[in-house]
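This is what each chain is made of:
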Amino acid sequence: MTATLAGRAAATRSAAALTIIEVSGCAERGLVARLAARCSPASLAARFFRPVSGAADRNLLTLLLGPASGRAFLALDAGRPVGLVNLAPSDAGEVEVALLVADRWQHRGVGRALLEHALADPRWAAETVHVTVRPENTAVLALLHTLPRAMHLVDTAPGELYFELCPSAVEPRPSAGGPRPPAEEPRPAAGELLLAG
Amino acid sequence: MTLRTVVAREREYDWGDPAELAREAAGRDGLSFLLALASGEVPAPPFARTTGSRLVEAEAGRVVFEFQPAEYHYNPIGAVHGGMFATLLDSAAGCAVHSLLPAGVGYTSLDLTVKFVHAITVESGASGPLRCVGTVTHLGGRTALAQAELRGPDGLLYATAVSSMLILRPPAGTAGAVTE
């Protein structure tokens, strides 16, 4: 009973309470490991597009920390790690974004907060940003369409949709019908997530 | 000008049908295929036979190649050719990514950036083979990034590399299409 109440309290916490920090040292490594422990195999599989067994995958932490050339940001809720976004740049002027949100914090705005924070970095303004999403991941699909700079579907593969955010200078103009109307109501953001990149 | 007489060294080696090996690779998930390579269940690929390198360890996201430097790896100025470094680093980075891919999903290298730290000679491997470790640092839906390190038996770092790879998923409706 106590556990149920505690879980409900956590699930109703809003994204406004989040703190976002950059993953840069040993302390954050520990937090990333704690986040992985809060993610179900299904969430990890959605992030990596393959089955993942957290305990058996010795290199899972390396993958979640991301490449040295990229950046990673953690979302903390009252000090607890609840989400992670990775930006992985290639030498070709492209950046792939991957998002992971702990199961109990999905659909609470964690993914949106992380993605908006990460993409606000001017470092990526001249790069093409890619995101890959599974078609059934409706929460993330809604998120991508309602970002300050909406992402565009550019390609598909079995079970995957590829979205792209063009560099600021060449971002496509709105269609003849005008800009995309806002969502009928604020979408709680992305959780189940994820995208991967 | 007179050219000195060259004392010939000879080396013989063989290899298996690469098409057969490629078919074997396509039918397995990456890790099980690499484990089969490491154990000798399936024959080493031609490049490994040519260079004398071999895959010795594989796990999800990490692989290890061993390499014994020899005269036949040398460039004209008395050390192992830089292309040999790149071959090992590219193999380790690529196979590390392969170890995370389901059956039917392929990959290809997009780039490889190599940092040469020390020259390699035959003496570098006097106390044992060099080891080249590849580790995946990013796995996404479309691209993967990996790093690799080449070290001597004493731990001396000879070279590092980073590489990005394009993940190749089969078209919908084809055998091996990913449905997970």
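In what follows, the structure referred to is the one given above.
Residues numbered from 1 in each chain as written. Chains lettered and ligands numbered in written order. Predicted model: local features only at pLDDT ≥ 70, side-chain atom pairs only at ≥ 80, totals over all residues.

**Some thoughts on the overall build of chain A**
Worth spelling out the cut-off: Secondary structure follows DSSP: runs of H or I at least 4 residues long count as helices, runs of E at least 2 residues long count as strands, and numbering of each begins at the N terminus. With C-beta atoms placed from the backbone, a residue is labelled by how many other C-beta atoms lie within 10 Å of its own: buried for 20 or more, exposed for 12 or fewer, partly exposed between the two. Each residue is represented by a C-beta atom placed from its backbone, and any two residues with such atoms within 7 Å are regarded as in contact.
A tally of regular secondary structure across chain A gives six helices and seven strands. Starting at the N terminus and walking to the C terminus, you meet the elements of chain A as α-β-α-α-α-β-β-β-α-β-α-β-β. Per-residue burial for chain A yields a buried fraction of 41% across its 197 residues. Pairs at least 24 apart in sequence give 72% of the contacts found in chain A among residues at least 6 apart.

**Structural notes on the overall build of chain B**
Secondary structure summary: chain B contains four helices and six strands in total. Start at the N end of chain B and walk to the C end: the helices and strands fall as α-α-α-β-β-α-β-β-β-β. The buried share of chain B, reckoned over its 180 residues, is 37%. Put simply, of all contacts in chain B between residues at least 6 apart along the chain, 65% involve residues at least 24 apart.

**Section: the sheet that holds strand β3 (residues 106-116) of chain B**
Residue and element names in this part refer to chain B. For the record, the criterion: Pairing between strands is defined by DSSP: at least two bridges between the two strands are required. Axis lines are fitted through C-alpha atoms, for helices just across the contact stretch, and the angle between N-to-C directions can take any value from 0 to 180 degrees.
Strand order in the open sheet made by the six strands is β1-β2-β4-β5-β6-β3, with antiparallel pairing throughout. The two strands at the open ends of the sheet, each matched to only one other strand, are β1 (53-59) and β3. Sheet twist, expressed as the mean angle between neighbouring strand axes with direction ignored, is 20°. As paired strands, strand β4 (residues 130-139) and strand β5 (residues 143-151) are joined by eight bridges and run antiparallel to one another.

**Description of the nonpolar core**
For the record, the criterion: Core membership is restricted to buried Ala, Val, Leu, Ile, Met, Phe, Trp, Tyr and Cys residues, and these are joined into a nonpolar core through C-beta atoms within 7 Å.
The biggest cluster of nonpolar side chains holds 87 residues, and the ones touching the most others in it are B:L89, B:A92 and B:V97. At nine residues, the largest contribution of residues to this core is made by helix α4 (residues 82-98) of chain B.

**Let's talk about the interface of chain B and chain A**
Let me state the cut-off plainly: Three classes are used: nonpolar for Ala, Val, Leu, Ile, Met, Phe, Trp, Tyr, Cys and Pro, charged for Asp, Glu, Lys and Arg, and polar for all others, with Gly counted as polar.
Between chain B and chain A, the contact holds 26 residues from the first and 28 residues from the second. Taken together, the elements giving at least two residues each to the side of chain B that touches chain A come down to β3, β4 and β5 of chain B. Here the residues of the side of chain B that touches chain A sort into ten nonpolar, ten polar and six charged.

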